[in-house]
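# Structure at a glance
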Amino acid sequence: MNLIIFGPPGAGKGTQSSFLVKRKKMFQLSTGDLLRNELSSASDLSRKLKEIMDSGKLVSDDIINDLIEKKISDPEIKNNIIFDGFPRNIDQAKSLDKMLYKYKQKISKVINLEVDYSILIKRISGRVSCSICKKPFNEYFDPPGKDTYCTSKECFRRELVKRSDDNENTVTSRLKTYDEQTLPILKYYRYKGIVKDVDAMKSINEVTDQISGIISDI
Ligand code: AMP
């Protein structure tokens, strides 16, 4: 089973994907994470990528499709992928269909996380995560404590880090990009009859339960 976890920035795609990774042993394919890994080198490409990502715009489809094809063609994760943050526009959605066809796979469901935009800005601008285990915290909703360290057992007192694009200015631009380029893809998938809407304003556990219910039917 391959799934797309869909929704605006801050809807909880990464958090809910971690649940699928832990409980269903699925492979999380986050294009945002793949791109952030590329940023660690000091190349021209990485400087260019950082500029685009910090502006809230989309990186070129060629770069993204290349990253994706390397993963889809990997037999180790075949038919067990959660696409997180991809596709982000209609051309990427069509390329994904072609690639999946080529490697004899398909998308079973698109899980659409619905959240009011009014709360997204606070969710994103307050977002911090553990530098080691990636556990997410929020400075507004669940402050980790007066010191900024991870509270999980495995990496107790590890530093929390903030993404450079998680600030109010970039968030507004990311939401605009989402509205103009990403949201229209839903129509494409609704036409295929594979979209399942989820109320992502509920607690993390309640959202997880809704998703569990959806995938238990597949
Ligand atoms: P994310 O971690 O998914 O919020 O992505 C962070 C940033 O990476 C986005 O604002 C884009 O600049 C870039 N990015 C991630 N995924 C894609 C994609 N599928 N297509 C184009 N750009 C992307």
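Residues numbered from 1 in each chain as written. Predicted model: local features only at pLDDT ≥ 70, side-chain atom pairs only at ≥ 80, totals over all residues. Heavy atoms only, no water.

### A word on the sheet that holds strand β8 (residues 195–199)
Taken in spatial order, the five strands of this open sheet run β2-β3-β1-β4-β8, and their pairing is parallel. Strands with a single pairing partner mark the edges of an open sheet, and in this sheet they are β2 (27–30) and β8. Each strand axis lies, on average, 25° off the axis of its neighbour in the sheet, ignoring direction. As paired elements, strand β1 (residues 3–6) and strand β3 (residues 81–84) share three bridges and run parallel to each other. Across the sheet, residue Ile 5 finds its bridge partner in β3, namely Asp 84. (Pairing = 2+ DSSP bridges. Helix = DSSP H or I, 4+ residues; strand = E, 2+ residues; numbered from the N terminus. Axes fitted to C-alpha atoms, helices over the stretch in contact; angles between N-to-C directions.)

### Considerations on the site of the ligand
Close to the ligand lie 16 residues, the nearest being Thr 31, Arg 36, Lys 57, Gly 85 and Gln 92. A distance of 3.0 Å is found between a nitrogen atom of the ligand and a backbone nitrogen or oxygen belonging to Val 59. At 2.9 Å, a side-chain N or O of Gln 92 approaches a nitrogen atom of the ligand. Bound to the protein, the ligand loses 96% of the 480 Å² it would expose on its own. (Near = heavy atom within 4 Å. Polar contact = N/O pair within 3.5 Å; in protein donor to acceptor, adjacent residues only side chain to side chain. Areas by Shrake-Rupley, 256 points an atom, 1.4 Å probe, with all protein chains shown as cover.)

### Brief notes about the sheet that holds strand β6 (residues 136–138)
An order of β6-β5-β7 is seen for the three strands of this open sheet, with the pairing classed as antiparallel. Each edge of the open sheet is held by one strand with a lone partner, namely β6 and β7 (160–161). Two elements, strand β5 (residues 127–130) and β7, share two bridges in a ladder whose sense is antiparallel. When the bridges of β7 are listed, Cys 130 appears paired with Leu 160.

### Examining the nonpolar core
In this structure, Ile 4, Ile 68, Phe 83, Leu 96, Ile 107, Val 110 and Tyr 189 are the most contacted members of the largest nonpolar core, which totals 28 residues. Every element with two or more residues in this core is listed here: β1, α2 (31–38), α3 (44–55), α4 (61–72), β3, α5 (90–102) and α8 (185–192). Setting aside chain neighbours within four positions, we find Val 110 in contact with Ile 4, Phe 6, Leu 186, Tyr 189, Ile 194, Val 195 and Lys 196. If you look at the next biggest cluster of nonpolar residues, it comprises 20 residues, including Val 115, Ala 200, Val 207 and Ile 215. (Core = buried A, V, L, I, M, F, W, Y, C linked by side-chain atoms within 4.5 Å. Buried < 20%, exposed > 50% of the residue type's maximum accessible area, 1.4 Å probe, protein only. Contact = heavy atoms within 4.5 Å.)

### Focus on the side chain of Gln 92
By the element assignment, Gln 92 lies in helix α5. The buried category is assigned to Gln 92, whose relative accessible area is 2%. Excluding anything up to four places from it in sequence, Gln 92 contacts Asp 61, Ile 64, Asn 65, Phe 86 and Pro 87.

### A word on the packing of aromatic side chains
Taken as a whole and assessed by the stated rule, the structure comprises three aromatic pairs. Taking the centre distance of 6.1 Å and the plane angle of 45° together, the rings of Phe 83 and Phe 86 count as tilted. Taken individually, Phe 83 and Phe 86 each receive the classification buried, so the pair is uniform in this respect. A cation over an aromatic ring shows up here: Lys 122 above the ring of Tyr 140, its NZ or CZ 5.0 Å from the ring centre. (Phe/Tyr/Trp six-rings, centres within 6.5 Å; stacked < 30°, edge-to-face > 60°. Lys NZ or Arg CZ within 6 Å of the ring centre and 35° of its normal.)

### A closer look at the packing of α4 against α5
Think of two packed helices as two axes; the pair is described by the angle between the axes and how far apart they sit. Two elements in contact, α4 and α5, have axes whose closest approach is 11 Å; the angle formed by their N-to-C orientations is 25°. As summarised for this structure, α4 and α5 are arranged roughly parallel, according to the angle between their axes. Relative to α5, the crossing made by α4 is right-handed. Contacts between α4 and α5 involve Asp 61, Ile 64, Asn 65, Ile 68, Glu 69 and Ile 72 on the former and, on the latter, Asp 91, Gln 92, Ser 95, Leu 96, Met 99, Leu 100 and Lys 102. Considered class by class, the residues forming the contact of α4 with α5 number six nonpolar, three polar and four charged. (Parallel < 35°, antiparallel > 145°, perpendicular 65-115°, else oblique. Left-handed = near helix turned anticlockwise from the far one by under 90°. Nonpolar A, V, L, I, M, F, W, Y, C, P; charged D, E, K, R; others polar.)

### Overview of the environment of Ser 95
With respect to the helices and strands, the residue Ser 95 is situated in helix α5. When the C-alpha atoms of Ser 95 and Glu 69 are compared, they prove to be 9.6 Å apart, with 26 residues separating the residues in sequence. Here the side chain of Ser 95 touches Asn 65 through a polar contact of 3.4 Å, side chain to side chain.

So far we have only geometry, and geometry alone does not tell us how the molecule works.
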